[in-house]
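Letter by letter, the chains look like this.
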Amino acid sequence: MTVVSTRVAMIALSVLLALSVVASLSLGRYGIALGDLKTIALGWFGIGPGRAGVAEPVWRVVELVRVPRLLIGAFVGAGLALCGATLQGVFRNPLVDPHVIGVSSGAAFGGVAAILLGLGAVALWSLAFTAGLGALLLVVMMSRRAGRSSVLMLVLSGVVVSALFSALVSLATYFADPNDTLPAIVFWLMGSFASATPERALYMLPIIIVFALPLLLMRFRINILSLGDEEARALGLNVEPTRWLALCCVTGITAASVANSGIIGWVGLVIPHFARAIVGPDHRVLLPASALLGASYMLLVDLMARSLIAAEIPLGVLTAVVGATVFMVLLHRARSEDWQR
Amino acid sequence: MIEARAVGFRHEPALPWLFADLSFSLAAGQTLVLLGRNGRGKTTLLKCIAGLLAPSAGEIRTAGVIGYVPQHFAPVFSYSVLDVVVMGRARHVGLFASPSAKDRIAAEAALDQLGLGSLAQRSVTTLSGGERQLVLIARALASEADILLLDEPASALDFHNQAAVLSTLRRLVAERGLTVVMTTHEPTHALEIADRAVLLHGEGVAEEGPVAEMCTEAKLSELYGMPMRQLSYASGAGEASHIVASYAEIVRARSA
């Protein structure tokens, strides 16, 4: 059950996000003074001198490097957490995330294929999306054939499809040119926001927003889907189309984030659990709370990734280390109440 | 209103009929019970009426919103009682909308009507079986159901809670003119609240009629394949009947 009132929790999560935003703008190997940040930020709204009020390297770092990276990081984090919370509800299983369900691996294969074929960014995204959706279709079909969409079969099918696409990714890497394509694939797969540019942020954010908005709006429906097909149907829900709409949105967000920043695991699994512990299981609150928490989490992890050591640590590695550790603590402390059957 | 015409069901064409050629009609404000041994199609018939399963033959027509109350309710997530009852409003909430204040008020009214107002913020997973059944009935009421379909609403409940569920149903029928269909293994419940009864004998044999004609010693003994006895007694509320399984006649005979 909820620990604190919903309103207090949402305000606290928003404050956390605001602090994470400020921290990831000012901290890093090139420190930016809070006063300079304020001057630049006010400048965006036409107040004060803006860029002219700070040294050129300062505003260049903020506007051309940190802000795009921040936007992409926050949206990817929010999107992945939203996907996790949605999938856990739709599949009535708190162990599901975009990775378990095969979507990430599918999207990764699509992306790797695009890099291998030397295609551009648009093709990479399209291939990642198509392959992600294909993976999801395979999982749903397999679990359906194996009997009434049992949750165990679903997770097993997800593991199998994930393994299949991972194998295909390995195969593609094996054939890749070790001088240029191979490193590109390997670093892309490990996940990073280092490639963030203002242009990338501009075409990436609308994609995530377009897919996230329906999910956020249909969050009451996700509550009902989480009761199981038969009950949802008895409550008057058109189950299949509703579930497909949710799954397509999840695939869109996952593919967009994989296409942009590689596989960043664990966010979709851990953040919804964390959020559920704070605001309770009602998806009407859980979905926005997961998105806020996911954004903050991703910003802080990215901050660690780029400032802990001289070189940049791949994000996927850090989220796995941090996520797995946090999850262990959560599991240790959790009463099984929240996900017992 | 429920109208069933020559309804039959079998899981596959190669399998025998569970029930066949079953016709009945139920007016608003009437209660029907479905009786029969395990696996003879009680729940199946209930799901056919609910529209969750398609009958293999015949047709069932219903007029009004249906509220289906499943036998078991074990959500994966520990929603609060109010959250669960608000979900009954799904029909009245658009795809991309969230329940409004009006929906919340309807849910709270349904809870109050069943005397569950104080449980609103409790997690459903912490409720007793009896409380859960009442919460599900409240959810059906919040959906503004005209027809209530209940799958063994009193099974696994102690006597006190069974009485609570039965009297609630009876009150709702009287106050709101609800049409109720429920399955049960307790013929006494049928005598106490039902107008009509369906006996599902299996292998395609089913009959329907007024409860007084269906729930007799002879018919029920045949239905359950063991002697059933009707006991009449003077209760505090007047003349009452109890139908019991005469275990003595079976157990003693077999162990002798």
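In short, a report on the structure. (Residues numbered from 1 in each chain as written. Chains lettered and ligands numbered in written order. Predicted model: local features only at pLDDT ≥ 70, side-chain atom pairs only at ≥ 80, totals over all residues. Heavy atoms only, no water.)

### Concerning the overall build of chain B
- Looking only at helices and strands, chain B has nine helices and 11 strands in total.
- Taking 18 Å as the expected radius of gyration for a compact globule of 256 residues, we find that chain B reaches 19 Å, a close match to that expectation.
- Each principal axis of the C-alpha atoms in chain B carries an extent, and together these give about 60 × 45 × 35 Å.
- Across the 256 residues that make up chain B, the buried fraction comes to 51%.
- Counting only contacts in chain B whose residues sit at least 6 apart along the sequence, the fraction spanning at least 24 positions is 63%.
- Summing over all exposed atoms, chain B offers an accessible surface of approximately 11100 Å²; the carbon and sulfur share of this is 52%. (Helix = DSSP H or I, 4+ residues; strand = E, 2+ residues; numbered from the N terminus. Rg over C-alpha atoms; globule rule 2.2 N^0.38 Å. Buried < 20%, exposed > 50% of the residue type's maximum accessible area, 1.4 Å probe, protein only. Contact = heavy atoms within 4.5 Å. Areas by Shrake-Rupley, 256 points an atom, 1.4 Å probe, with all protein chains shown as cover.)

### Some points on a nonpolar patch on the surface
All names here are of chain A.
- On the surface, L116, L117, L119, L127, L171, Y174 and F175 cluster together into a nonpolar patch covering about 740 Å² of accessible area.
- With three residues, helix α6 (residues 151-175) is the largest single contributor of residues to the nonpolar patch.
- Along the chain, L119 falls in the loop between α4 (103-116) and α5 (121-145). (Patch = residues over 30% accessible without salt bridge, like charges linked within 9 Å, V, L, I, M, F, W, Y side chains within 5 Å. Salt bridge = Lys/Arg side-chain N within 4 Å of Asp/Glu carboxyl O.)

### Considerations on the pairing of strand β6 (residues 147-150) of chain B
Residue and element names in this part refer to chain B.
- Going residue by residue along β6, you find I147 and L149 tucked away on one face and L148 and L150 tucked away on the opposite face as well.
- Alignment of strand β5 (residues 66-69) against β6, held across four bridges, turns out to be parallel. Along β6, the bridge assignment pairs Y68 with L149.
- Pairing of β6 with strand β7 (residues 179-183), which is carried by four bridges, proceeds in the parallel orientation. (Pairing = 2+ DSSP bridges.)

### A closer look at the nonpolar core
- Counting residues in hydrophobic clusters, the biggest one holds 160 residues, and the most contacted among them are V76 and I101 of chain A together with V85, I137, L148 and L220 of chain B.
- Per-element accounting of this core gives the leading share, 17 residues, to helix α3 (residues 56-90) of chain A.
- Once residues lying within four places of it in the same chain are set aside, the contact partners of V85 of chain B are A107, A110, L111, V135, A138, R139 and A142 of chain B.
- A234 of chain A together with L22, C48 and A206 of chain B belong to the second-largest nonpolar core, a separate cluster that totals 27 residues. (Core = buried A, V, L, I, M, F, W, Y, C linked by side-chain atoms within 4.5 Å.)

### Some remarks on the interface of chain A and chain B
- If you look at the interface, chain A gives 33 residues, while chain B gives 31 residues.
- Between chain A and chain B the total buried area reaches about 2900 Å² when both faces are included, carbon and sulfur atoms providing 61% of it.
- Taken together, the links from chain A to chain B amount to three salt bridges.
- A salt bridge links E230 of chain A to K47 of chain B; the nearest nitrogen and oxygen atoms lie 3.1 Å apart.
- If you look at where chain A meets chain B, you find eight residue pairs in polar contact (both at pLDDT 80 or more). (Buried area = accessible area lost by both parts, 1.4 Å probe. Polar contact = N/O pair within 3.5 Å; in protein donor to acceptor, adjacent residues only side chain to side chain.)

### Quick look at the environment of D151 of chain B
All names here are of chain B.
- Structurally, D151 can be placed in the loop between β6 and α5 (159-176).
- In the structure, D151 is positioned 32 residues away from T183 in sequence and 5.3 Å away in space, judged by C-alpha atoms.
- D151 has contacts with T43, L46, Y68, V69, P70, Q71 and T183, leaving out every residue within four places of it along the chain.
- A polar contact of 3.1 Å, which involves the side chain of D151, links it to the side chain of T43.

### A look at helix α1 (residues 6-26) of chain A
All names here are of chain A.
- For α1, built from 21 residues, the straight-helix expectation of 30 Å at 1.5 Å per residue is met to within 8% by its first-to-last C-alpha distance of 30 Å.
- The complete set of buried residues in α1 reads A9, M10, L13, L17, S20, A23, S24, L25 and S26.
- Where α1 is buried, its residues touch α2 (34-44), α3, α12 (267-279) and α13 (283-307).
- One or two residues past the end of α1 sits G28, with phi positive at roughly 140°. (Expected span 1.5 Å × (residues − 1).)

### Examining the sheet that holds strand β1 (residues 2-9) of chain B
Residues and elements named next belong to chain B.
- Overall, antiparallel pairing links the three strands, which are arranged β2-β1-β4 in an open sheet. The sheet terminates laterally at β2 (19-26) and β4 (57-62), the two strands that pair on one side only. Strand-to-strand twist of the sheet, defined as the mean angle between neighbouring strand axes without regard to direction, takes the value 15°.
- Sheet analysis places β1 next to β4, joined by five bridges and oriented antiparallel. (Axes fitted to C-alpha atoms, helices over the stretch in contact; angles between N-to-C directions.)

### Some details on the pattern of salt bridges
- Under the criterion given, the structure shown has 20 salt bridges over all chains.
- The partner of E59 of chain B in a salt bridge is R5 of chain B, and the shortest N-O contact between them spans 3.8 Å. One end of the pair, E59 of chain B, is in strand β4; the other, R5 of chain B, is in strand β1, with 54 residues separating them in the sequence.
- For E59 of chain B, a relative accessible area of 38% puts it in the partly exposed group.
- Within the structure, one salt-bridge network assembled from shared partners comprises R69, D302, R306 and E312 of chain A.

### Re α5 of chain A
- If you check α5 of chain A, its first and last C-alpha atoms are 36 Å apart, about what 25 residues at 1.5 Å a residue would give, namely 36 Å.
- Buried within α5 of chain A are the following residues: L124, W125, A128, F129, A131, G132, A135, L136, V139, V140 and S143 of chain A.

### Remarks on the side chain of K42 of chain B
- Position of K42 of chain B relative to the elements: it lies in helix α1 (residues 42-50).
- From its side chain, K42 of chain B meets the backbone oxygen of G36 of chain B in a polar contact 2.9 Å long.

### Some points on empty space enclosed by the protein
Residue and element names in this part refer to chain A.
- This model, assessed by the stated rule, comprises three cavities of 30 Å³ or more.
- Considering only enclosed or pocket space, the largest cavity measures out at about 100 Å³ in volume.
- Forming the boundary of the largest cavity are 14 residues, of which L80, P98, S104, I264 and G265 lie nearest the centre. (1 Å grid on protein atoms, 1.4 Å probe; cavity = no way out; pocket = protein on both sides within 12 Å on 5 of 7 lines; lining within 4 Å. Points joined across faces, edges and corners; volume = space filled by probe spheres on them.)

### A look at the environment of P98 of chain A
Residues and elements named next belong to chain A.
- Mapped onto the elements of the fold, P98 is located in the loop between α3 and α4.
- The class for P98 is buried, based on a relative accessible area of 4%.
- Each C-alpha atom, one on P98 and one on V267, is 9.4 Å from the other, the two residues being 169 residues apart in sequence.
- Beyond its immediate sequence surroundings of up to four residues, P98 is in contact with C83, G84, L87, V103, S104, T254 and G268.

### Looking at the sheet that holds β6 of chain B
All names here are of chain B.
- Spatially, β5-β6-β7-β3-β8-β9 is the arrangement adopted by the six strands of the open sheet, whose pairing is mixed. What marks the edges here is a single partner per strand, and that holds for β5 and β9 (205-210). Taking each pair of neighbouring strands and ignoring which way they run, the sheet shows an average axis angle of 15°.
- Sitting on the sheet, helix α4 (residues 129-142) touches β5 and β6, and the angle it makes with β5 is about 165°.
- Contacts between α5 and the sheet are confined to β3 (31-36), β6 and β7, with β7 contributing the most and set at about 155° to the helix.

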